[in-house]
Amino acid sequence: EPEVTQTPSHQVTQMGQEVILRCVPISNHLYFYWYRQILGQKVEFLVSFYNNEISEKSEIFDDQFSVERPDGSNFTLKIRSTKLEDSAMYFCASSDRVYEKLFFGSGTQLSVL
Amino acid sequence: AQSVAQPEDQVNVAEGNPLTVKCTYSVSGNPYLFWYVQYPNRGLQFLLKYITGDNLVKGSYGFEAEFNKSQTSFHLKKPSALVSDSALYFCAVGGYNNNDMRFGAGTRLTVKP
């Protein structure tokens, strides 16, 4: 079965540094998402992306966050200046159409020190 | 924005017994409801969805869920639990365009032999 790929699996960074989390969605999918999960608990919506622009974003997704689909296959999440509270597992997801299930990657564990 | 509530942090059942994991939702308009499962150190995996049609939907691994509009609920059920069903279960609701799928806080299911 096709899968969503995320790299790296773990990222450690210093507070204030920029990080880029990378995702390769399933190739024929059109809708892309970032979620995060803190300490294995609630899964929080960050942003959705369709047709090369943000469709929806949550209150968490402030000016420090940005997303990009630079080359038609990758989908990245950038955190410009990381804070301690950004430490979480970040999941990328994709789907091929509206009202359809999401396929999730295995996540990137971000640790901000 | 739409939301879901999972009132139980933890559900414990004995192997072979029926299980129920509860979910209630809040949304404007028609709900698009999903259940996902997360095993340790993995991304979320789709179990089943309700978009329209029969109120009882069947999904992967013998799970099913019942949509109840009057009670705004979408409880996950299985007639006979397995130890391997032990995992974290998330209910999710999508809005009219599903570009903003919101997850519940999760319920940890433990099935004991």
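Up top you'll find the structure we're talking about.
The structure displayed is predicted, hence computed values, not measured ones.

About the criteria used
- Residues numbered from 1 in each chain as written.
- Chains lettered and ligands numbered in written order.
- Predicted model: local features only at pLDDT ≥ 70, side-chain atom pairs only at ≥ 80, totals over all residues.
- Heavy atoms only, no water.
- Salt bridge = Lys/Arg side-chain N within 4 Å of Asp/Glu carboxyl O.
- Buried < 20%, exposed > 50% of the residue type's maximum accessible area, 1.4 Å probe, protein only.
- Helix = DSSP H or I, 4+ residues; strand = E, 2+ residues; numbered from the N terminus.
- Disulfide = S-S within 2.5 Å.

Draft legend 1. Just the pattern of salt bridges, in detail. A full pass over the atoms with the stated rule returns 8 salt bridges over all chains. Here Glu100 of chain A and Arg97 of chain A are joined by a salt bridge, their closest N and O atoms 3.2 Å apart. On the accessibility criterion, Glu100 of chain A (12% relative accessible area) is buried. For Arg97 of chain A, a relative accessible area of 46% translates into the label partly exposed. For Glu100 of chain A, the salt bridge goes to Lys49 of chain B, with nearest N and O atoms at 2.9 Å. On the criterion of chain membership, the pair formed by Glu100 of chain A in the loop between strand E9 (88-95) and strand E10 (103-104) and Lys49 of chain B in strand E6 (residues 44-50) is interchain, its members lying in two chains. Where salt bridges share partners, they join Asp96, Arg97 and Glu100 of chain A together with Lys49 of chain B into one cluster.

Draft legend 2. Main features of the state of the cysteines. Inspection of the entire model under this criterion finds 2 disulfides over all chains. Put simply, Cys23 of chain A and Cys92 of chain A are joined by a disulfide, and their sulfur atoms are 2.0 Å apart. Torsion about the S-S bond of the Cys23 of chain A and Cys92 of chain A cystine: about -65°, corresponding to left-handed handedness. A residue pair is termed long-range when its members are at least 10 positions apart, and Cys23 of chain A in strand E3 (residues 19-24) and Cys92 of chain A in strand E9 qualify at 69 residues. Pair check on accessibility: Cys23 of chain A and Cys92 of chain A agree, each one buried. Paired through a disulfide, Cys23 of chain B and Cys91 of chain B show a sulfur-sulfur distance of 2.0 Å. Its S-S torsion of about -60° marks the bond between Cys23 of chain B and Cys91 of chain B as left-handed, since a negative value means left-handed.

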